[in-house]
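# Analysis of the macromolecular model
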Amino acid sequence: MKYIMSCIAALTASTASADVARAVDDYILPGYATFAQTATTLSEGATSDCTIAAMRPAWHDAFDAWINISHLHFGPIEQDGRAVIIAFWPDGRSAGVRTLARLVATQDDVISTPEGTAQLSAAARGFYALEYLLFDPQFDDTGAYGCALRRALAADLANIATQVTDAWQTGYGATLRNAGAPDNQIYLTEREGVQALFTSLLAGLEFDIDNRLGRPLDTFERPRPTRAENWRSERSQHNILISLQGLKSLKDTLSDAQTPVTDAAFARAFAKLEQLDDPAFANVADPQGRFKVEVLQQTLRDIAVAAEVELSDLLGVQAGFNAADGD
Amino acid sequence: MTRTFLSAFAATTLVALPAFALDKTDVLTNYANIAAAKYEDSLITAKALQAEIDAFLAAPSAETLAAARNAWRVSRVPYMQSEVYRFGNPIVDDWEGRVNAWPLDEGLIDYVDATYGGASDENEFAALNVIANPTFSLSGQEIDATSITGSLLSDTLQEADGVEANVATGYHAIEFLLWGQDLNGTDAGAGDRPWTDYATGDGCTNGNCDRRADYLRTAAQLLVEELGYMTDQWTTNGDARAAVLADPAAGVSMMLTGMGSLSYGELAGQRMKLGVLLNDPEEEHDCFSDNTHFSHYYDGVGIQNVYLGSYTRIDGSVVSGASLHDLVAQTDAGIAGQLSTDIAASVADLNAIVDAAQNGMAYDMMLARDNAQGEALILGAVDALVVQTRSIERAVAALNLTSIDLEGSDSLDAPDAVFQ
């Protein structure tokens, strides 16, 4: 396989099959626009009705929109820690819930202004903080302060989503689309633009495998269902679906190249997800349930291996460093 | 590795500096020589730390505790410079958690303040306190900890229950035993453990001073053993040296992978940016001792001396030879020069954090919710590290270091070694 891939690489121009502009126009920009729109709907809805029941559906919609593009860890989302603020997970030291509980206990009025809310710990902002407030019983009866806190966090999230989307629409989209242009200070060659997107594809798969699936699975002897992402809102399995759909769109818009092995692996993963009925990955605690999630994890590994093999030579790039390269 | 060997090697490489085209193997040999020197320096300073700890435990006092703390700070200087070897070299990466795992749930080891809380969702043993509990149950097994042995710390308590925050060995466990918790939040001050926590007889504070002393003594011994092991890996016949030299292109990839992963995901991300975003002093790397500014700085210096191929040892001697900078410059002088400039800039920014800390604004104070100046200092260095990562990626591209094994998935099997 390696030998064959090298031959193909030798025969094709290095980035001939990559289409960064199409990925920007057909996937990234619409994805961010939907994110900004749904986050704004969540915030505006909270202004008129801040009850938990009213806010939950809009929170789900905005979260779907985020996960679709969440693997794009470059550009405006990396400024001012926005990606971390929007989605602080995993939270191994429970910093989010500890900070939220302290805010509620002390009725801290730092949240009375947007500037004050923006000073909060990142762990107490964004989607995962809102999940605690909307789905953890300890925050059910927090009265007027709870309402103000939910509104403040929703408004903060909408504000960031809008800023990021504006930045993509008014400048960064063009910067990426014109990778390699003489005046481009960020992407010195076209290849660097392709590499940013290819790195996002592999990093997104890696995050699903290691975190979204790997954390609840942990070891056979010691599965950890309460380490699943969003187990409180029972979105754990759903997040994998949305994430894979986003990654597939990224791959398809980035390249016209024939990637039969990658495509087949994606198809297998979608089929597995259809068969699986374990919304919070609670079943990882028993051997049979665990096996099903392990099989799903393996299909994601297959996608990653295939994408790396099929795409890196065809696109003429390899993955760059990603934020998960630490420990 | 003996010092004689090292000096001999350094002398050879100095006179053998090629005036003609550089060979990757020369660059890699120098890289391995520098690793050998850094780990041997770490071993030497760890032995000095062990000696001061033994002296402190033999005659506990404020003065002997201060001497042990100082030896700990000194021991961090060469070790942090070695961290650039972590991510590219599997032999180092698989091992490093035994000496530098972080962050830790220190309640596993000893008493903690009431504000620490107890067992958490993530860690059932966050408040186990082995020093106060000679027997306890761990994942259904009864553990006999009446005697605090190296095996108890390394094999039973380290990562107990599969939780990484259960850190029982290494620099940070020792740091906690020397300083105690820093309860000052984002205000001035480090941990303030009284020396009487190790006093004998009635003078003992906070209970179990003898077991605490046993723990500290054992942890220091383990650190020396572990660093001895890693020093051996880089000798002429060492496995880590062999792994680097086995395939020259792969070896150069390992160098750049280590530099890039430390710059970006680890230092800029996990250790620096996250603390600012969380305003959480527990997110600082050396949180008990408030030595974080130096730890970050020497990480940066380590990246620089690997790139420039020249390391100044703790005794002042220099190990140098064919450099990665010169190798890149052969292909693209522009990228090689830019990376030099970028690294110099990040080292300068990290140095500015050291200056601020030494002038009274400790690293944890920089993390305070309303400290705009501190935040700007940290994020300035973060930005510089991100910029240099881009140049490292350009160096990888310039050297045309293609994937060595496309069959596997390095980005997944070894996420820290994406270029291998």
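Residues numbered from 1 in each chain as written. Chains lettered and ligands numbered in written order. Predicted model: local features only at pLDDT ≥ 70, side-chain atom pairs only at ≥ 80, totals over all residues.

### Quick notes on the overall build of chain B
- A count of helical and extended segments in chain B gives 15 helices and 4 strands.
- In terms of C-alpha radius of gyration, chain B reaches 22 Å, essentially the compact-globule figure of 22 Å for 420 residues.
- Projecting the C-alpha coordinates of chain B onto the three principal axes gives extents of approximately 70 × 50 × 45 Å.
- Taken across its 420 residues, chain B has 56% of its residues classed as buried.
- Partitioning the intrachain contacts of chain B with sequence separation of at least 6 by distance along the chain shows that 71% fall at a separation of at least 24. (Helix = DSSP H or I, 4+ residues; strand = E, 2+ residues; numbered from the N terminus. Rg over C-alpha atoms; globule rule 2.2 N^0.38 Å. Buried ≥ 20, exposed ≤ 12 C-beta atoms within 10 Å, placed from the backbone. Contact = placed C-beta atoms within 7 Å.)

### Remarks on the packing of helix α2 (residues 20-48) of chain A against helix α8 (residues 143-177) of chain A
All names here are of chain A.
- In contact at an axis separation of 8 Å, α2 and α8 are set at 160° when each is read in the N-to-C sense. One way to sum up the angle between α2 and α8 is to call them roughly antiparallel. In the crossing of α2 with α8, the sense of the turn from one axis to the other is left-handed.
- Class assignment for the residues of the contact of α2 with α8 results in 20 nonpolar, 7 polar and 3 charged. (Axes fitted to C-alpha atoms, helices over the stretch in contact; angles between N-to-C directions. Parallel < 35°, antiparallel > 145°, perpendicular 65-115°, else oblique. Left-handed = near helix turned anticlockwise from the far one by under 90°. Nonpolar A, V, L, I, M, F, W, Y, C, P; charged D, E, K, R; others polar.)

### Some details on helix α9 (residues 248-278) of chain B
Residues and elements named next belong to chain B.
- A rise of 1.5 Å per residue sets the reference length of α9, with its 31 residues, at 45 Å; its end C-alpha atoms lie 42 Å apart and thus fit the reference within 8%.
- The largest bend in α9 comes to about 45°, at Ala 268.
- Taking burial as the measure, the 31 residues of α9 include 29 buried ones, the bulk of the element.
- Just past α9, the residue Asn 279 takes up positive phi, approximately 50°. (Expected span 1.5 Å × (residues − 1). Bend = angle between axes of the 7 residues up to and from the residue.)

### Concerning the nonpolar core
- By size, the foremost hydrophobic cluster in this structure holds 221 residues, and its most contacted members are B:Ile174 and B:Ala219.
- Apart from residues no more than four positions distant in its own chain, B:Ala219 is found in contact with B:Leu153, B:Thr169, B:Ala173, B:Ile174 and B:Leu177. (Core = buried A, V, L, I, M, F, W, Y, C linked by C-beta atoms within 7 Å.)

### Some thoughts on the pairing of strand β2 (residues 141-144) of chain B
All names here are of chain B.
- Strand direction decides the pairing type here: strand β1 (residues 135-138) and β2, joined by 4 bridges, are antiparallel. Among the inter-strand pairings, Ser 137 is bridged to a residue of β2, identified as Glu 142.
- Linkage of β1 to β2, two consecutive antiparallel strands, is achieved through a turn of 2 residues, within which Ser 139 is found at a positive phi near 50°. (Pairing = 2+ DSSP bridges.)

### Things to note about the confidence of the model for chain A
- Averaged over every residue, the pLDDT of chain A is 91; the share at 70 or more is 94%.
- Counting contacts from residues 1-15 of chain A, a segment whose pLDDT is below 50, to residues more than four positions away or on other chains yields 20 contacts. (pLDDT = per-residue confidence, 0-100.)

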